Amino acid sequence: MSQRHCFALDLKNDPGLIADYEKHHRAVWPAIIQSIKEAGIEDLQIYRLENRLFMIMEVNDDFSFEKKQAADAVNPEVQRWEEQMWTYQQALPTAKPGEKWMKMDKIFQL
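Attention in this report is confined to the structure presented alongside it. (Residues numbered from 1 in each chain as written. Predicted model: local features only at pLDDT ≥ 70, side-chain atom pairs only at ≥ 80, totals over all residues. Heavy atoms only, no water.)

As a further point, take the packing of helix α2 (residues 30-38) against helix α4 (residues 76-86). At a minimum axis distance of 9 Å, the contact between α2 and α4 shows a crossing angle of 110°. Accordingly, the angle class assigned to the pair α2 and α4 is roughly perpendicular. The residues of α4 that touch α2, namely those facing Ala 31, Ile 32 and Ser 35, are Glu 77, Val 78 and Trp 81. For the contact of α2 with α4, the class distribution of residues is four nonpolar, one polar and one charged. (Axes fitted to C-alpha atoms, helices over the stretch in contact; angles between N-to-C directions. Helix = DSSP H or I, 4+ residues; strand = E, 2+ residues; numbered from the N terminus. Parallel < 35°, antiparallel > 145°, perpendicular 65-115°, else oblique. Contact = heavy atoms within 4.5 Å. Nonpolar A, V, L, I, M, F, W, Y, C, P; charged D, E, K, R; others polar.)

Below, the discussion takes up α2. Looking at α2, one finds that the buried residues are Ile 32, Ser 35 and Ile 36. Taken down its axis, α2 places every buried residue within 100° of arc, on the same side. Turned more than 90 degrees away from the buried face of α2, the exposed residues are Pro 30, Lys 37 and Glu 38. Residues of α2 that are buried make contact with β2 (41-49), α3 (65-73) and α4. Immediately beyond the C-terminal end of α2, within one or two residues, lies Gly 40, with a positive phi of roughly 100°. (Buried < 20%, exposed > 50% of the residue type's maximum accessible area, 1.4 Å probe, protein only. Arc of directions from axis to C-beta.)

Time to look at the nonpolar core. Membership of the largest hydrophobic core comes to 20 residues, with the highest contact counts inside it found for Leu 11, Tyr 21, Ile 32, Ile 41, Met 57, Phe 63 and Trp 101. Breaking this core down by element, the ones donating at least two residues are β1 (3-11), α1 (15-25), α2, β3 (52-59) and α4. The dominant element in this core, judged by the number of residues it contributes, is β3, at four residues. Apart from residues no more than four positions distant in its own chain, Ile 41 is found in contact with Ile 36, Met 57, Glu 58, Val 59, Phe 63 and Lys 68. (Core = buried A, V, L, I, M, F, W, Y, C linked by side-chain atoms within 4.5 Å.)

A separate point is the environment of Tyr 21. Here Tyr 21 lies in helix α1. By relative accessible area, which is 3% here, Tyr 21 ends up buried. Residues Tyr 21 and Trp 86, 65 residues apart in the sequence, show an inter-C-alpha distance of 9.8 Å. If sequence neighbours within four positions are ignored, Tyr 21 has contacts with Leu 11, Ile 46, Leu 53, Met 85, Tyr 88, Gln 89 and Trp 101.

Next comes the structure, spelled out in structure tokens:
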């Protein structure tokens, strides 16, 4: 049985940077796709409204945020990707120092 997690993050409000960010996401590096799948993430989608991003992640029962974070910390390709993406991203106003994608609370389900 899968679980869904939703997150929000902002991009820097610059049309050129936003276009570049979207370009990168049309050609995500194979090592990044592999790391996502190996973590137990079965589906991952990112939506954008102006400079606000929403990420929807479907994970299997083997997924753990702690395991994903540990694997990412020792994967140089993931670290390089995250560093590059941070040039386009900015923390939400209520984010703690170092916090990027913030987990959203589900408030309704039909």
